Amino acid sequence: MFLYTKTFVCMIIALFSTRLILQGLGSLNFGIYGTVGGAIAMLESLNLAMTQATQRFMNYAEGEGKKDRLVSIFNNTVLLHMLLGLIIITLMIIIYFPLFNGILSIPEDRMFAAKSIYVFLIISTFFTITTVPYDAMINVHEDFLYYSVIGVVIAVLKFFAAYFITYWLGDRLILYGLLLATISILNMIIMRIYCKKKYAECVLNLKKNAQISVIKEIGIFAGWNFIGAFSNIAGNHGSTILMNHFFGPVLITAKSIGDQICGQVSVLTSNMTKAINPVIVKAEGGGERQKMLSLSFISCRFCFLLYLLLAMPFLFCTDYLLKIWLKVVPAWAVLFCQLQVTRTLFEQLFAPLKTTLMAQGSIKRINFIDLLLSVVTFSILLYLYNNSFSAQWHYYVSILFLV
């Protein structure tokens, strides 16, 4: 109930925020932000893999009732994420040059703003990565009151950022990127202070608790999980960069609107899985396999029904709702929104089962299959775009192969 209350409040705030952002930035700048963000998201796949691995091992240790192991996992994941943050920053700096010298299609007069956004996103990404062990600790303790309060606070701050740029006389895109990076840093500071005061397991002593065996165990699991996470993000955001290359940043605006709506509709199901995932992993850690399986399949059914509840209006009254929300609806936005909502609806039927596989550690085969399907998706889209197919084929091919 904490999470759903937060969902309702944040959904309303986010819908108004997106309208202000689109009005303040315009279609071109909004598309540039979505394109550069897509490039960053491809590298964040490594961070996503580490996040899921961290939460899995912490939840499993909690289910086993081994507090000492939980402290050890926390310290070792802090060390891993510090190293990971430095590696990802290095990779971002390396790909900076090819991205802005031929890969991304960005008008010359907006190139400096796009590069500035990229730098701000690098800073934001680093702090997000180093915060993961603390976020995982909150998840282990199922402290969803904190998630709800801080979620509303962050949403309100982002709303004020969107409101402020509509009155800014300078470069609004640069200011917006700076404000979001500042909010990310503030979130990290609050989370670290909260965890240190709230949980006894958050005792950071790397000299005493650092263990090669624990780092290796988590690293191997995260490595296989990285393949799946990278496949998912490459199949989605890689296709976004491909779309930008062939059709330009304005079309990405339409795609970003569909993604935003889909993200808000998905909040209901993501909050439910956030609440049930720790219970699933703890049940497996405690040796209760049948309970784990039962919770997993219940989660699939409820995810589909909850998403369907909110998705129906956006499937059948899309044009009307977008006009109310945005006033001026960008070209392609209605179709892209309907296709993205349809795709995500299908995904709800099986998405929670990834947690089931992670709980018992069986992730090699499914992640390899994910990688194969993502390569096929990207290759087919590259062929279609080279042969003058329209941008909407991004969704047809993704639904067929990735769903």
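Above: the structure in question.
Each chain carries its own residue numbering, running from 1 in the written order of its sequence. Side-chain atom pairs in this predicted model are given and counted only at pLDDT of 80 or more, local residue features only at pLDDT of at least 70, and totals for whole chains, interfaces and linings cover all residues. The side-chain values count all of the structure's non-hydrogen atoms but skip hydrogen atoms and water molecules.

**A short note on the overall build of the chain**
Secondary structure elements follow DSSP: runs of H or I no shorter than four residues count as helices, runs of E no shorter than two count as strands, and numbering proceeds from the N terminus. If you tally the helices and strands in the chain, you get 14 helices and zero strands. Its helices and strands taken in sequence order, the chain reads α-α-α-α-α-α-α-α-α-α-α-α-α-α from the N to the C terminus. For the chain, whose C-alpha radius of gyration is 21 Å, the value lies close to the compact-globule estimate of 22 Å for 403 residues. Taking the principal axes of its C-alpha atoms as reference, the chain extends roughly 55 × 40 × 40 Å. Looking at the chain residue by residue over its 403 residues, the buried ones come to 51%. The contact criterion used is simple: two residues touch if any of their non-hydrogen atoms lie within 4.5 Å. Within the chain, contacts between residues separated by at least 24 positions form 85% of all contacts whose residues are at least 6 apart in sequence. As displayed, the chain has an accessible area near 18300 Å², and 70% of this comes from carbon and sulfur atoms. Here the positive residues are Lys and Arg and the negative ones are Asp and Glu; neither His nor the chain ends is included. By convention, the charge on Lys lies at NZ, on Arg at CZ, on Asp at CG and on Glu at CD. The average position of the 29 basic charges and that of the 18 acidic charges among the side chains of the chain differ by 2 Å. The atom set for the radius of gyration is the C-alpha atoms, and the globule formula is 2.2 Å times the number of residues raised to the power 0.38. Three labels apply to residues, based on accessible area from a 1.4 Å probe with only protein chains included: buried if under 20% of the type maximum, exposed if over 50%, partly exposed otherwise in between. Note that accessible areas follow from Shrake-Rupley with a 1.4 Å probe, and for residues the cover is restricted to the protein chains shown.

**Brief notes about unusual backbone geometry**
Unlike most non-glycine residues, Trp332 shows phi in positive territory, near 75°. Counting through the fold element by element, Trp332 comes out in the loop between helix 10 (318–326) and helix 11 (333–347). One non-glycine residue, Ser388, adopts positive backbone phi at about 70°. Looking at the element boundaries, Ser388 is found in the loop between helix 13 (364–386) and helix 14 (393–402). In this structure Ser388 comes out as exposed when scored by relative accessible area, which is 70%.

**Digging into the packing of helix 9 (residues 289–316) against helix 12 (residues 353–360)**
A pair of packed helices can be characterised by two numbers: the angle between their axes and the separation between those axes. For helices, the fitted axis covers only the stretch in contact; all axes are lines through C-alpha atoms, and the angles between them, taken along N-to-C directions, range from 0 to 180 degrees. Relative orientation of the contacting elements helix 9 and helix 12 amounts to 160°, with a least axis distance of 9 Å. Judged by the inter-axis angle, helix 9 sits roughly antiparallel to helix 12. Contacts between helix 9 and helix 12 involve Arg289, Met292, Leu293, Ser296, Phe297 and Cys300 on the former and, on the latter, Leu353, Thr356 and Gln360. Each residue gets one of three labels, nonpolar for Ala, Val, Leu, Ile, Met, Phe, Trp, Tyr, Cys and Pro, charged for Asp, Glu, Lys and Arg, and polar for the others, Gly among them. Its residues assigned to classes, the contact of helix 9 with helix 12 shows five nonpolar, three polar and one charged. Note on angle classes: values under 35 degrees are labelled roughly parallel, values over 145 roughly antiparallel, values of 65 to 115 roughly perpendicular, and the remainder oblique.

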